[in-house]
Amino acid sequence: MVRPRGTVANTTAVNSHVTTRGWYAYAGIGGGLVRAKATVANTTAVNSYVNGIKENSEPTSNDQLLCQKADLRVLTANCSSRTEFLDALDFSNSNACPVKAATVSTGTKESAPTTASTAAKESTPTTASTAVKESTATAASTPIEINDARTLGKIALHPDYPINGTHQQNATAAPTTATSIPRKLCSSLRDQTTGVQQRLIEDSDLVSERQCVVLSADPADDLSELIKQIPDNTVILLSSKTTSPTVAPVTGKPTVEYFIANAIVLKSGQDIIGAADDGFEIVIKLHDNFTSKYMIGVGVHYDDEFNFGETADNHIKHITFQPTGVNPDTQTDAIVHTNCYNRTLSIENNVFYLPVRAAVNINCSANLDASTSNLHTGPGLRFADNHVIGQTIHTTKLSMIPEKAIFINLRNINNLSNKLEIIGNTFRGKISELAQIAIGSGSNINIFRNTVDIDNKGKTPDEIRTGIEGGFALKGLSSSAYRKAPLINLAGNNINVTRTALTIYDKLDLALACNHFMGMTLWKVDNEYFPLKAVDPLPLADECPRSVSSTVGMATTSAPTLCQIVNSWTPINDSKATALTGLTNVEGQFYFDSAVCMTELQSLASSADTTPVTNALGVIASLAILLNL
């Protein structure tokens, strides 16, 4: 936006991206909102994109100086603005612009005939002063030191850094780098706590031929800062060794507490694993000055793009997460937060006390076809064998319950096949909504053998609710009827909620096998334009118990039966809802009847010649017709 009487001129955008969002948003390179009597002139774009459309593709080396290197290098006598820019982009081999101590004037006067700024003259044959002198006899004022980019940005914007002042880069100033914590080959670790030794044995496949760092708990330390100093591709073990007494709760295990003042950002290949001694628990908590929106981040620097060079998986294991501080107003939105990452995130055997929003928040808006390249596989998630606990959150101003346990938004990533798993977890307590999941065309997610027992009643942080409360909210494609729908596989789950068990949006494929649902209603379906497609559940039979065959003495290797994969529905609180209530616009067959397997058992017991497959098919076929009425 150019305000009234403002001017933008002689500006070139190179390798830039401009994207608009919103109903009335508009953007352009050389365009935008120009107010009365404002001027936009000689603005061009080179190798840049506006809403994905490339403009003026040509070599950047043919253009004028477009930006200044941000490391504050001082120009020498033979270094012009242009050569600095080319050196910064590695387009030049002259190395004419080394970092050296010098003073540089940010402004020159035309009446200075004897000396000139080296930024203004490139071919000065004699030694040039790096500090431009005024044409008066007075000496230049003491230069103002510039040691970092933040200070550099104050020039002309802050009274202490005038545009015509003299500024100096500190000769010793250099980009700060964290001291690296030494690593050891995991197999060479000696004299460790029993918890570390046990973890090295139990996770031998994970730590084999890798580097390890063993940390101990100190309340004065910020665990996030320590992890910053650890290189990528490292196993980080949190031991029970501590400088403070362990906390002995009234019930449960004594805890060894690690504190964070900032979010932990896991580098490519970094694993963080609790290594508690027997009878102890490794806990990560918040310092009272914690202000981040999440406790652990993966790929958080890439909101709408991927760094395909980061391919080493991350593991988070055997840790209890307490997203609160001593001060009740110290809260965070999520425990694990990710944007776009190109690897698998495994979260296993942890305990999550839910924060305000979600235990796991995965939100990537980048577009990707995960089937086109083995190097561009997109994000993977394995959330397995965790305990997730929702409790009323009390602050000094209000009390609320957590919004959800899991949030996944990967709608722009297509053909993400067999990369997403939610398996064998336990969810209990007060949670408004168990999970909200949106995946892209041709993608699938497996949700197997989870135990859910949650109370959905309570206020959440949002003033305006979406109306989604209960179990799983599953979102499909809202447009493009010709595109392949995402597939959700649910098998072997026990889901007990106090509101709606399954909420379905838009175009979606759903396979249900041997799930047991309890709630006020089973279905809420909002798919006016696309049918909900019921997918054959028999391929999921391995996720189901084979109690029927074992009861009648049949071999457990027998072929799966429809009886084995049948689902059950139990209404609560005097609800009259059936397995059909709320189910609309369906293509295919879902199988629900708690009496089917009892019928099959009686048949099998009375006739040795009747096979379980034939008998079950006969019973379920009749039921399927009934469900489609």
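Since the model is a prediction, treat every value here as computed from it, not as a measurement. (Residues numbered from 1 in each chain as written. Predicted model: local features only at pLDDT ≥ 70, side-chain atom pairs only at ≥ 80, totals over all residues. Heavy atoms only, no water.)

The number of helices and strands found in the chain is 9 helices and 44 strands. Taking all 629 residues of the chain together, 45% fall into the buried category. For the chain, contacts bridging at least 24 residues in sequence account for 75% of all contacts bridging at least 6. By element, 50% of the accessible surface of the chain is carried by carbon and sulfur atoms, the whole surface being about 31,500 Å². (Helix = DSSP H or I, 4+ residues; strand = E, 2+ residues; numbered from the N terminus. Buried < 20%, exposed > 50% of the residue type's maximum accessible area, 1.4 Å probe, protein only. Contact = heavy atoms within 4.5 Å. Areas by Shrake-Rupley, 256 points an atom, 1.4 Å probe, with all protein chains shown as cover.)

Ranked by size, the top nonpolar core spans 86 residues in total, and within it Ile284 and Trp523 carry the most contacts. Setting aside residues up to four positions removed in sequence, Ile284 forms contacts with Leu223, Leu238, Tyr258, Ile260, Ile264, Ile272, Met295, Ile319, Thr320, Phe321 and Gln322. (Core = buried A, V, L, I, M, F, W, Y, C linked by side-chain atoms within 4.5 Å.)

Moving on to the sheet that holds strand β41 (residues 521-526). Strands sit in the order β13-β16-β19-β22-β28-β32-β35-β38-β41 across an open sheet of 9 strands; the sheet is parallel. Taken across any chain shown, the strands that pair with only one partner, and hence form the sheet edges, are β13 (264-265) and β41. Bridging between strand β38 (residues 500-505) and β41 involves 5 bridges; their strand directions are parallel. If you follow Thr500 over to β41, its bridge partner there is Thr521. (Pairing = 2+ DSSP bridges.)

Turning our attention to unusual backbone geometry. Within the chain, Asp385 stands out as a residue other than glycine whose phi angle is a positive 60°. Take Asp385: it is sitting in the loop between β24 (380-384) and β25 (387-390). Residue Asn585 is not a glycine yet carries a positive backbone phi of 55°. Here Asn585 shows up in the loop between β43 (568-571) and β44 (586-587).

A word on the sheet that holds strand β31 (residues 426-430). Spatial ordering of the open sheet is given by β12-β15-β18-β21-β25-β31-β34-β37-β40-β43, a layout of 10 strands whose pairing is parallel. On the outer flanks of this sheet lie β12 (255-260) and β43, each paired with one strand and no other. Bridging between strand β15 (residues 281-286) and strand β18 (residues 320-321) involves 2 bridges; their strand directions are parallel. Looking across to β18, one finds that Val283 is bridged to Thr320.

Next up on the list: the state of the cysteines. Following the criterion strictly, the structure yields 3 disulfides and no others. Across a sulfur-sulfur distance of 1.9 Å, Cys514 and Cys544 are joined as a disulfide pair. Judged by the sign of its S-S torsion, about -80°, the cystine formed by Cys514 and Cys544 is left-handed. Here Cys514, found in the loop between β39 (508-513) and β40 (516-519), pairs with Cys544, found in the loop between β42 (532-534) and α6 (547-551); they are 30 residues apart in sequence, far enough to count as distant. What makes Cys514 buried here is its relative accessible area of 5%. The exposure class of Cys544 is buried, given its relative accessible area of 7%. (Disulfide = S-S within 2.5 Å.)

As a further point, take the pattern of salt bridges. According to the stated counting rule, one finds 15 salt bridges in the structure shown. Taking the shortest distance from any N to any O, the salt bridge between Asp203 and Lys317 comes out at 3.0 Å. On the criterion of sequence distance, the pair formed by Asp203 in the loop between α3 (194-202) and α4 (204-207) and Lys317 in strand β17 (residues 314-317) is long-range, its members being 114 residues apart. Since its relative accessible area comes to 8%, Asp203 is described here as buried. By relative accessible area, which is 10% here, Lys317 ends up buried. (Salt bridge = Lys/Arg side-chain N within 4 Å of Asp/Glu carboxyl O.)

Our focus in this paragraph is the environment of Leu354. Along the chain, the position of Leu354 falls in the loop between β21 (351-353) and β22 (358-363). In this structure, the C-alpha to C-alpha distance between Leu354 and Ile393, residues 39 residues apart in sequence, is 9.0 Å.

For the rest of this paragraph, the subject is α3. The complete set of buried residues in α3 reads Gly195, Val196, Arg199 and Leu200. All buried residues of α3 fall inside an arc of 135° around its axis, so they share one side. Facing away from the buried side of α3 by more than 90 degrees, the exposed set consists of Thr194 and Ile201. (Arc of directions from axis to C-beta.)

Before going further, it helps to spend a moment on the pairing of β39. In terms of residue burial, β39 counts as a mostly covered element, since 6 of its 6 residues are buried. A two-sided burial pattern is seen for β39, the buried positions comprising Leu508, Leu510 and Leu512 on one face and Asp509, Ala511 and Ala513 on the other. Two strands pair when backbone bridges link them, and strand β36 (residues 487-491) and β39 are joined in this way by 5 bridges, in the parallel orientation. Bridging across to β39, Ala491 finds its partner in Ala513.

Another point: the environment of Asp288. Of note, Asp288 is situated in the loop between β15 and β16 (294-298). Along the backbone, Asp288 and Phe259 are 29 residues apart, and their C-alpha atoms lie at a distance of 9.5 Å.

Our focus in this paragraph is the side chain of Asn489. With respect to the helices and strands, the residue Asn489 is situated in strand β36. A polar atom in the side chain of Asn489 sits 2.9 Å from the side chain of Asn446. Every residue in contact with Asn489, bar those within four places of it in the chain, is listed here: Asn444, Ile445, Asn446, Ile447, Phe448, Ala511 and Leu540. (Polar contact = N/O pair within 3.5 Å; in protein donor to acceptor, adjacent residues only side chain to side chain.)

A few words on the environment of Lys576. On the secondary structure map, Lys576 appears in the loop between β43 and β44. On the accessibility criterion, Lys576 (77% relative accessible area) is exposed. Between the C-alpha atom of Lys576 and that of Met520, which follows or precedes it by 56 residues, the distance is 8.3 Å.

With that out of the way, let us pick up the confidence of the model for the chain. For the chain, the mean per-residue pLDDT works out to 75, and 61% of the residues sit at or above 70. Under a pLDDT of 50 for its full length, residues 84-94 has, in the predicted model, 21 contacts with residues more than four places off or in other chains. In this model, residues 547-556 is a region of pLDDT below 50 whose contacts with residues beyond four sequence positions or in other chains number 13 contacts. (pLDDT = per-residue confidence, 0-100.)

On to the pairing of β24, then. Each regular strand shows side chains that alternate between the opposite faces of the sheet. The element β24 is extensively covered by neighbouring structure, given that 4 of its 5 residues are classed as buried. In terms of strand pairing, strand β20 (residues 344-348) meets β24 through 5 bridges, oriented parallel. By the bridge assignment for β24, Glu348 is matched with Ala384. Across 4 bridges, the pairing between β24 and strand β30 (residues 420-423) is parallel. Bridged to Phe383 within β30 is Ile422.

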